[in-house]
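# Examination of the molecular architecture
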Amino acid sequence: MLRVRPIRAGDAGLLQQISREAGPGFTSLPDNPELLNTKLRQSIDAFERTHEPAPVTYLFVLEDTETGEVMGTSGVTAAVGLDAPWYHYHIGTIVHASHELGIYNEFRTLYLCNDYTGSSELCSLFLRPDSRGSGGGGLLSRARFLFMAQHPERFADRVIAEMRGFTDHDDSNPFWEGLGQHFFSMHYRKADFLTGSGNKVVIAELMPRHPIYIHLLPEAAQAVIGEVHPNTRPACQLLKSQGFRYENYVDIFDAGPTLAARPEEIHAIARSRCVEVVIDSTPPPASARPFLISNTQCEHFRCTQARVQPNLKRVHLLPEVAACLDVSAGDQVRLVSLPAAAGS
């Protein structure tokens, strides 16, 4: 079975391999072994100790319980911008008008801001190429919501997700080429590496502080503002189906869109509930629906998906599903129904 669990020390090598497979634009897990090991240690410590919104990231992995293979990663940073400024561009409007001359023009602008400071951020979602199509991507993404629903005190009252921006076949980003590289004279790949290595603030502070008129940028740069990388589109659609929305904020480097929602607006959080486990070897009836199911632990969090038919107080789990979740009869699990296609 596939399940999501917290990352652990033995995953260090695979985490580095995943960062290389993800390539440019995956700034939350850069190809930097020292930084990755730091992130891993901080995540382990967060699961064990942290109890309030803080600038720490909870990292999860998707594993096959039969083979032990790690197939991907996902994460949640509990609160961004508390240890260093958190920058975005906000897309706004400036009006230039003259009643005397009969001129009225509206121009879209980019304005550097810190509006999402203190928000929780979904991050580090990556499913390895040979594992795509298994249904693991949806499990990796949604599992975080059950963890957040079970441990709300650890997270903020707003959740954001920065979607990876468009890059071409040369790993270049037209927005960076049309704006950022004029201030730094470096290729997007290098800027991307510096960002992931913890230098985003240094680069951001060298960007222009005044509003940038979008229509003055090259057409190629304008075209990718708010666009996502092709590999990110499924994740973007999943988040939108969960209640996330685009609020006209984009990344300052690749102009990828940032989605946002309040926890109570996120379907998997708002609609989830806890029930008691009954272990039953009887196969579920044909009418059973797919559910996302997790245990209620923190450091030993486990999440999977299975077809079950819960009532208001209990759910019958096959022994293999209970083992996957590390739960026993009488324990509590948190669950939420899934779209029919997600359980296939």
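Residues numbered from 1 in each chain as written. Predicted model: local features only at pLDDT ≥ 70, side-chain atom pairs only at ≥ 80, totals over all residues. Heavy atoms only, no water.

Where an unreviewed UniProt entry is consulted, the chain appears under the name Arginine N-succinyltransferase, with the organism given as Marinobacterium alkalitolerans.

## Topic: unusual backbone geometry
Its identity as a non-glycine residue notwithstanding, S124 has a phi of 60°, on the positive side. Positionally, S124 belongs in strand β6 (residues 120-127). Phi at D326 is positive, roughly 60°, even though this residue is not glycine. Along the polypeptide, D326 turns up in the loop between α9 (319-325) and β15 (332-337). Exposure remark for D326: the relative accessible area of 40% places this residue in the partly exposed category. (Helix = DSSP H or I, 4+ residues; strand = E, 2+ residues; numbered from the N terminus. Buried < 20%, exposed > 50% of the residue type's maximum accessible area, 1.4 Å probe, protein only.)

## Details of helix α3 (residues 136-150)
Helix length check: α3, at 15 residues, gives a terminal C-alpha distance of 21 Å against a target of 21 Å (1.5 Å per residue), a fit within 8%. The buried fraction of α3 amounts to 13 of the 15 residues, a majority that puts the element mostly inside the structure. (Expected span 1.5 Å × (residues − 1).)

## Notes on the pairing of strand β3 (residues 70-77)
With 8 of 8 residues buried, β3 lies mostly within the body of the structure. What sits between strand β2 (residues 57-64) and β3 in their antiparallel hairpin is a turn of 5 residues, with G68 showing a positive phi close to 80°. Sheet topology places β3 next to β6; 5 bridges connect them, and they run antiparallel. Opposite G72, over in β6, you have L127 as the bridge partner. (Pairing = 2+ DSSP bridges.)

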